[in-house]
Amino acid sequence: MSDFERNKDQVQAGVQAGASLVGRIAVIITDAVGSIAKEIGDFVTEGIEMREAARVSRREEQQRIADDPPVERNGIDARTEDDDPRG
């Protein structure tokens, strides 16, 4: 086997090892980016659901207040501004 052929085989093995390493690193990065995107998406979804639940709760409370008859004391409406269903 000549020196040229040995050097060629060495270079070829080095290039293959480097390419394999880069491929494994790319897979790790790809998986990490996908996982991060999923976690961020889940977080945003939870925030949207919490905001929607708060909106429904406010709407139900306003409806409950609007449905309750006002309590009068000496001819004065005893409800406070916080009880006003119009917000």
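The following refers to the structure shown.

Rules and cut-offs
Residues numbered from 1 in each chain as written. Predicted model: local features only at pLDDT ≥ 70, side-chain atom pairs only at ≥ 80, totals over all residues. Heavy atoms only, no water. Helix = DSSP H or I, 4+ residues; strand = E, 2+ residues; numbered from the N terminus. Buried < 20%, exposed > 50% of the residue type's maximum accessible area, 1.4 Å probe, protein only. Areas by Shrake-Rupley, 256 points an atom, 1.4 Å probe, with all protein chains shown as cover. Patch = residues over 30% accessible without salt bridge, like charges linked within 9 Å, V, L, I, M, F, W, Y side chains within 5 Å. Salt bridge = Lys/Arg side-chain N within 4 Å of Asp/Glu carboxyl O.

## Quick word on the overall build of the protein chain
Argument step 1. Scanning the protein chain from terminus to terminus reveals one helix and two strands.
Argument step 2. Ordering the α and β elements of the protein chain from the N terminus gives α-β-β.
Argument step 3. For the protein chain, buried positions account for 1% of its 87 residues.
Argument step 4. For the protein chain, the accessible surface area stands at approximately 7700 Å², while carbon and sulfur atoms represent 58% of it.

## Considerations on a nonpolar patch on the surface
Argument step 1. Together, Ile36, Ile40, Phe43, Val44 and Ile48 make up a nonpolar patch on the protein surface, roughly 520 Å² of accessible area in all.
Argument step 2. Summarising the element assignment, Ile40 is placed in helix H1 (residues 3-67).

## Here we look at the pattern of salt bridges
Oppositely charged side chains may form a pair once their charged atoms are brought near each other.
Argument step 1. Counted according to the given criterion, the structure contains five salt bridges.
Argument step 2. Between Arg55 and Glu52 there is a salt bridge whose closest N-O contact spans 2.8 Å. Here Arg55 pairs with Glu52, and both are found in helix H1, just three residues apart, close to one helical turn.
Argument step 3. Residue class for Glu52 comes out partly exposed when judged on its relative accessible area of 35%.

By themselves, these are just geometric observations and shouldn't be taken as functional.
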